[in-house]
Amino acid sequence: MRYSHALINTVRETPSEAEVISHRLMLRAGMIHKVAAGIYAYLPLALRSITKISAIVREEMVAAGAQELLMPAVQPAELWQQSGRWDKYGRELLRMHDRHDREFCLGPTHEEVITDIVRAQIRSWRQLPVNLFQIQAKFRDEIRPRFGLMRGREFIMKDGYSFDRDDAGAAATYERMHAAYTRIFERCGLRFRPVEADSGAIGGAFSHEFMVLADSGEDAILSCDTCDYAANQEKATARAPEATPPAANAPAPEAVATPDKKAVDEVAAFLHREPTDFIKTLLYRAGEQTVAALVRGDREVNEIKLAHALGADNLALASDGEVEAATGAPCGFAGPVGLAGDVAVWVDREVAAMATAVTGANHADTHLAGVQPGRDFATDNVADLINADDGDPCPRCAGTLHLSRGIEVGHIFKLGTKYSAAMGATFLNAEGAETPAVMGCYGIGIGRTMAASIEQNHDDNGIVWPVPIAPFTVEIILIRETDAASLEVAAAMERELTAAGHEPLVDDRKERPGVKFNDGDLLGLPYCVTVGPRGLKEGKVEIKARATGERVEVAVEQAVGWLTERCA
RNA sequence: CGGGGCGUGGCGCAGUCUGGUAGCGCACCUGCUUUGGGAGCAGGGAGUCGGAGGUUCAAAUCCUCUCGCCCCGACCA
């Protein structure tokens, strides 16, 4: 490919809308073009990379026994009504009407359609298992799209769905997908980690997210420094604390004045105690019920865990007015002792293990010291309710958990029979009984994987592509595009490299060398060959490795061989 | 949806407070000189100032409405 004929328009100045580095660099390198909020066109450079990522995904999916198909982006409301999600999905689902006023939506995911297909195609246990996937644009009307391709409304996704005869089969398929995903992200040259994830409303322990490790990631993950335990902070559980036995015959709680001190840190400083000596009481509304969640003063409530513990669908922090109604005190002085009887008290494991603590007194400007869980308030409902944090003990071994950030590029989970049962995707098993297929689903954000790679691999000068997903593998810079000898060498090299399976981009633009070098670094192709009169005088070209900055002078006739050896 | 900010040549911005014939840098086009890490000089093209309505002799600037975009938050298979 000749740069002078390629649609690659780099810009020196960073467009002001870009927050994260991958978005900035993709705009600067002329890879994407925004069409509307969260909706992008993939320009040729970006599409080349996306095509490569897709090819890796296809190969590994097929190798793992999956078959590719393609479903429509537009889906009829009836299917979503059958699964029950038409009413549940909310405004993230973009709905529309056709000319006959029938309702449709743009597919944010394809469980309904795939289940519809399979129920029409599958009759017998002999046809199972079947594992199907597609690579296609999805649309989710995100409340706030951001970070360019990282969180768009329209995005390219590989979504796969498996149907098995029984749980054991589904578990085996799940493991195969886990292994395939690991190979996919390894082949893409990414540093990543599979982590245990919350499976949302579906429940069950079978859910893993594949996280590309990057400080700019939107997800917090905890991983053990000793064993291979790693989990999304939404899900991560630290080892349960040992109970500290309370002193016998300890005095009853004592009220202490804490005028105008509300936040735990303020009260702790005022009383010369540590936040870890406190119990923080947060009030929530779960439907009609008011719930008090008790966590140690330095901890954060994990609302997902709390919702699971309660079996609640929707959970929201209580308003100031609701707090006053439940505690009889202004917000900031809530505590478990003497709460209104209709408030359900849920106690974090760590709090239940405390010997004594300071809590709010349910009275303005007052706290209680010397409160004993179990003696001064009931500990009937104990659960893990907090976010595990950096330094907590690992639940599986003697190691320590560490907090880091990641970008979710893949998510696999076992669905069970939720959709197959609701939509009648059943088959006759070996005993002749009608049985719903056991499903799993498996997603990879293709565009997000590309963005995550840039997020993880860049420097001050631009992108640093890993060879397997680079738009081109080699850039050939012509120092003097008017020099006949240089042109001849570049043309020959382009031919030979192409024949050897490389993808060269020849910068033959009428630009000064400095411009070409800087654009070369910005585009970030793995190798850059500089062809100019000065080197050719000695029959040499210079090759630079983008990732390491290593430069070598190589004889013209050895350059292709040198590159082939390095790219293997 | 709540809070904040921004819409002025392709991109980045000034001008708006205090109304008076639209400007700068980059990019683009032409020519000459240059050419191993973002060249110089000269010339040139390009903007209904997001849109609609209003005030005024006069509106990018003041008023009203509206649309879009960005940031923070709530939300998220």
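Residues numbered from 1 in each chain as written. Chains lettered and ligands numbered in written order. Predicted model: local features only at pLDDT ≥ 70, side-chain atom pairs only at ≥ 80, totals over all residues. Heavy atoms only, no water.

Engineer: In this structure, what is going on with the overall build of chain A? I would like to understand it.
Structural biologist: Within chain A, the regular secondary structure consists of 16 helices and 31 strands. When the backbone C-alpha atoms are referred to their principal axes, chain A occupies close to 95 × 65 × 50 Å. Residues counted as buried form 51% of the 568 residues belonging to chain A. Accessible surface, chain A as shown: approximately 25900 Å² in total, 49% of it carbon and sulfur. Of the side chains in chain A, 60 bear a positive and 82 a negative charge, and the two mean positions are spaced by 5 Å. (Helix = DSSP H or I, 4+ residues; strand = E, 2+ residues; numbered from the N terminus. Buried < 20%, exposed > 50% of the residue type's maximum accessible area, 1.4 Å probe, protein only. Areas by Shrake-Rupley, 256 points an atom, 1.4 Å probe, with all protein chains shown as cover. Lys, Arg positive; Asp, Glu negative; His and termini not counted. Charge placed at Lys NZ, Arg CZ, Asp CG, Glu CD.)

Engineer: For this particular structure, what's the right way to read helix H13 (residues 484-499)?
Structural biologist: Every α-helix carries 3.6 residues per turn, so stepping three or four residues along brings you back to the same face. Taking 1.5 Å of rise per residue, the 16 residues of H13 would be expected to cover 22 Å, and the 23 Å separating its terminal C-alpha atoms lies within 8% of that figure. Every buried residue belonging to H13 is among Ser 486, Val 489, Ala 490, Ala 492, Met 493, Glu 494 and Leu 497, and all of these are buried. The first or second residue beyond H13 is Gly 501, which carries a positive phi of 90°. (Expected span 1.5 Å × (residues − 1).)

Engineer: Hey, could you run me through unusual backbone geometry in this one?
Structural biologist: With glycine set apart, most residues show a phi of negative sign, and most peptide bonds adopt trans. Cis geometry marks the peptide bond from Leu 128 to Pro 129; its omega dihedral reads 0°. With respect to the helices and strands, the residue Pro 129 is situated in the loop between helix H5 (111-121) and strand E7 (130-139). Even without glycine at this site, Asp 101 takes up a positive phi of about 70°. Within the secondary structure, Asp 101 sits in the loop between strand E5 (95-97) and strand E6 (103-106). For Asp 101, a relative accessible area of 58% translates into the label exposed.

Engineer: Please explain the pairing of E6 as it appears in this structure.
Structural biologist: In the sheet, strand E4 (residues 74-76) pairs with E6 via three bridges, with the strands oriented antiparallel. Opposite Gln 75, over in E6, you have Cys 105 as the bridge partner. Where E5 meets E6, three bridges bridge the pair, whose relative direction is antiparallel. Within the sheet, the bridge partner assigned to Arg 95 lies in E6 and is Cys 105. (Pairing = 2+ DSSP bridges.)

Engineer: Could you clarify how one ought to interpret the packing of aromatic side chains in this entry?
Structural biologist: The full count for this structure, using the stated rule, is eight aromatic pairs. Between Trp 80 and Tyr 89 the ring centres are 5.5 Å apart and the planes differ by 85°, which places this aromatic pair in the edge-to-face class. For Trp 80, a relative accessible area of 0% puts it in the buried group. Measuring from ring centre to ring centre gives 5.3 Å for Tyr 174 and Phe 206, while their planes differ by 85°; the resulting arrangement is edge-to-face. Of this pair, Tyr 174 sits in helix H6 (residues 167-187) while Phe 206 is found in the loop between strand E9 (192-196) and strand E10 (207-213), placing the two residues 32 residues apart along the sequence. On the accessibility criterion, Tyr 174 (1% relative accessible area) is buried. An aromatic cluster of three or more residues is present, and its members are Tyr 181, Phe 185, Phe 192 and Phe 210. Here Arg 95 stacks its cationic end above the ring of Trp 86, 4.6 Å away from the centre of that ring. The ring of Tyr 3 carries Arg 509 above its face, with NZ or CZ at 3.8 Å from the centroid. (Phe/Tyr/Trp six-rings, centres within 6.5 Å; stacked < 30°, edge-to-face > 60°. Lys NZ or Arg CZ within 6 Å of the ring centre and 35° of its normal.)

Engineer: Looking at this structure, how should I read the packing of helix H2 (residues 44-63) against H6?
Structural biologist: The angle between the axes and the distance between the axes are what describe a pair of packed helices. Across the interface, H2 lies against H6 with an axial gap of 9 Å and an inter-helix angle of 150°. With respect to their mutual orientation, H2 and H6 come out roughly antiparallel. Crossing of H2 against H6: the hand is right-handed. Together, Ile 56, Val 57, Glu 59, Glu 60 and Met 61 of H2 and Met 177, Ala 180, Tyr 181, Arg 183, Ile 184 and Arg 187 of H6 make up the contact between the two elements. In terms of residue class, the contact of H2 with H6 is made up of seven nonpolar, no polar and four charged. (Axes fitted to C-alpha atoms, helices over the stretch in contact; angles between N-to-C directions. Parallel < 35°, antiparallel > 145°, perpendicular 65-115°, else oblique. Left-handed = near helix turned anticlockwise from the far one by under 90°. Contact = heavy atoms within 4.5 Å. Nonpolar A, V, L, I, M, F, W, Y, C, P; charged D, E, K, R; others polar.)

Engineer: Mind showing me how you'd approach the side chain of Lys 516 here?
Structural biologist: Tracing the sequence through the fold places Lys 516 in helix H14 (residues 513-523). What Lys 516 contacts, discounting residues up to four positions off in sequence, is Glu 475, Ile 477, Leu 478, Ile 479, Glu 481, Asp 507, Asp 508, Arg 509 and Glu 511.

Engineer: Sorry, what's going on with a negative patch on the surface here?
Structural biologist: A cluster of acidic residues, Asp 260, Asp 265, Glu 266 and Asp 365, forms a negative patch at the surface. In this structure, Asp 265 sits in helix H7 (residues 264-271). Take Asp 265: its relative accessible area is 56%, and that puts it in the exposed class. (Patch = residues over 30% accessible without salt bridge, like charges linked within 9 Å, V, L, I, M, F, W, Y side chains within 5 Å. Salt bridge = Lys/Arg side-chain N within 4 Å of Asp/Glu carboxyl O.)

Engineer: How do you make sense of the pairing of strand E28 (residues 504-507) when you look at a structure like this?
Structural biologist: Residues in a regular strand point their side chains to alternate faces of the sheet. Neither face of E28 is left uncovered, since the one carrying Pro 504 and Val 506 and the one carrying Leu 505 and Asp 507 both have all their residues buried. The pairing of strand E27 (residues 474-478) with E28 spans four bridges and is classified as parallel. Bridge pairing links Ile 477 to Asp 507 in E28.

Engineer: Sorry if this is basic, but what is going on with the protein's contact with RNA strand B here?
Structural biologist: Surrounding RNA strand B, one finds 36 residues, the nearest of these being Arg 140, Arg 144, Arg 151, Arg 512 and Asp 521. When atoms of RNA strand B within 4 Å of the protein are split into backbone and base, the sugar-phosphate part holds 42%. For RNA strand B, a base oxygen lies 2.5 Å from a polar atom in the side chain of Arg 151. Between a base oxygen of RNA strand B and a side-chain N or O atom of Arg 551, the distance comes to 2.9 Å. If you list the elements that add at least two residues to the surface near RNA strand B, you get H14 and helix H15 (533-536). Examining the composition of the surface near RNA strand B, we find that seven residues originate from one element, H14, more than from any other. Looking at the surface near RNA strand B residue by residue, the class counts come to eleven nonpolar, seven polar and 18 charged. (Near = heavy atom within 4 Å. Polar contact = N/O pair within 3.5 Å; in protein donor to acceptor, adjacent residues only side chain to side chain.)

Engineer: Is there a simple way to think about the pattern of salt bridges in this case?
Structural biologist: Any two side chains of opposite charge can pair, on the condition that their charged atoms come close. In this structure the tally under the stated criterion is 35 salt bridges. Linking Lys 138 and Asp 159 is a salt bridge whose minimum nitrogen-to-oxygen distance equals 3.1 Å. With Lys 138 in strand E7 and Asp 159 in strand E8 (residues 154-164), the pair connects residues that are 21 residues apart, well separated along the chain. The exposure classification of Lys 138 matches that of Asp 159, with both residues buried. For the salt bridge of Arg 375 with Asp 376, the shortest nitrogen-to-oxygen distance reads 3.0 Å. Taking relative accessible area as the criterion, Asp 376 reaches 18% and is therefore assigned buried. Connected through shared salt-bridge partners, Arg 296, Asp 298, Arg 299, Glu 350 and Asp 392 make up one network.

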